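One-letter residues, chain by chain:
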Amino acid sequence: MNLFADLDEIVKENEPLAGYTWFKLGGPARYFVEPRSEEELLEVVRRCHESEVAMYVLGRGSNLLVADKGVDAVVIQLSQESFSRIEFQGSCVRAGAGADLGLLVRESARKGLSGMECLSGIPGTIGGAVKINAGGRFGDIGNVARSVRLMDSSGYRFERKREDIYFGYRMTNIMAKFIIEAEFSLIENDPEQIGKMLKEILMLKKNSQPMHSRNAGCVFKNPRALSAGALIDKAGLKGTEVGATRVSRTHANFIVAEEGARSEDVLKLIEIVRQKVLERFDVELELELEIWE
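Note that this is a predicted model, so its numbers are computed, not measured.

1. Some points on unusual backbone geometry
Then, number 1: One non-glycine residue, E52, adopts positive backbone phi at about 55°.
Then, number 2: You can see E52 is positioned in the loop between α1 (38–51) and β3 (55–58).
Then, number 3: Of the residues examined, E52 reaches a relative accessible area of 73% and is grouped as exposed.
Then, number 4: For R170, which is not glycine, the phi torsion reads 55° and is therefore positive.

2. Topic: the pattern of salt bridges
Then, number 1: Using the criterion set out here, one finds 23 salt bridges in the structure.
Then, number 2: With a closest N to O distance of 2.7 Å, R36 and E9 form a salt bridge. With a gap of 27 residues between them, R36 in the loop between β2 (28–33) and α1 and E9 in the segment before β1 (11–16) connect regions that are remote in the sequence.
Then, number 3: Relative accessible area serves as the criterion here: at 39%, R36 is assigned to the partly exposed category.
Then, number 4: Taking relative accessible area as the criterion, E9 reaches 63% and is therefore assigned exposed.
Then, number 5: Close ionic contact of R110 with E107 constitutes a salt bridge, the shortest N to O distance being 2.8 Å. Residue R110 and its partner E107 are both found in helix α2 (residues 101–110); the two are separated by 3 residues, about one turn of the helix.
Then, number 6: R110 sits in the exposed class, given a relative accessible area of 56%.
Then, number 7: Here the salt bridges do not stand alone but share partners, grouping E38, E39, R94, R146, R149, R157, E181 and E183 into one network.

How each quantity is defined
Residues numbered from 1 in each chain as written. Predicted model: local features only at pLDDT ≥ 70, side-chain atom pairs only at ≥ 80, totals over all residues. Heavy atoms only, no water. Helix = DSSP H or I, 4+ residues; strand = E, 2+ residues; numbered from the N terminus. Buried < 20%, exposed > 50% of the residue type's maximum accessible area, 1.4 Å probe, protein only. Salt bridge = Lys/Arg side-chain N within 4 Å of Asp/Glu carboxyl O.

Below is the structure:
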């Protein structure tokens, strides 16, 4: 039975997911849904909950690996206009979960609002960025978060204020399935100065990361007081290949996929890297990459 027979305008069956990810890898989703409104999202979520069908939330796919066989689940992408709005009010900005992170960073800078510079060059959506507390050496999105509006897997909607949310290293205590929108508190500053900082951070990333290849960003979280990339490099793993995938020679915490690559190749390479680093340094690397199997 088709769970969404009357919602064919927003639902695709057996939709290939590779094109929705930066790796360009992976099989299809049983159902792929792009709700046009919060009420449509609520209806989809209720049906999944009542039928006990698994749900995945897809942003820009910039830190995601989908298994070659795909996922027997409902994949929901909040990409439509109602979920992608960015609204400024003084030094505060409210952004939908599907809003582009890079656009928010640039618009904030243009308006002379500081606080988002640390996210320069990081791809993704606002929802994904908040969920994992995206950032880098210059800071993270949790520093400027003010509140987050959420929906759980049963369709219950609620809000969490900054004091209720723990923003840790590439994680939060947000357990709700969906982030609907988030509000941020920024600081007025000279637009030229902010723009200069954005360019400096972006240039640093361009010089140290394989930004123009098929990859999903950092594969592993940095262990406490250590660099995952440095450990992988010292283990002699730069350039290690499995099939048409390899550990980047530019930055060892990136895995690059070439034409003909498979998700299985990435998974095998991840295990090789983990095992070698464990053997050499007695450090267990934790994934930053999200994997759907």
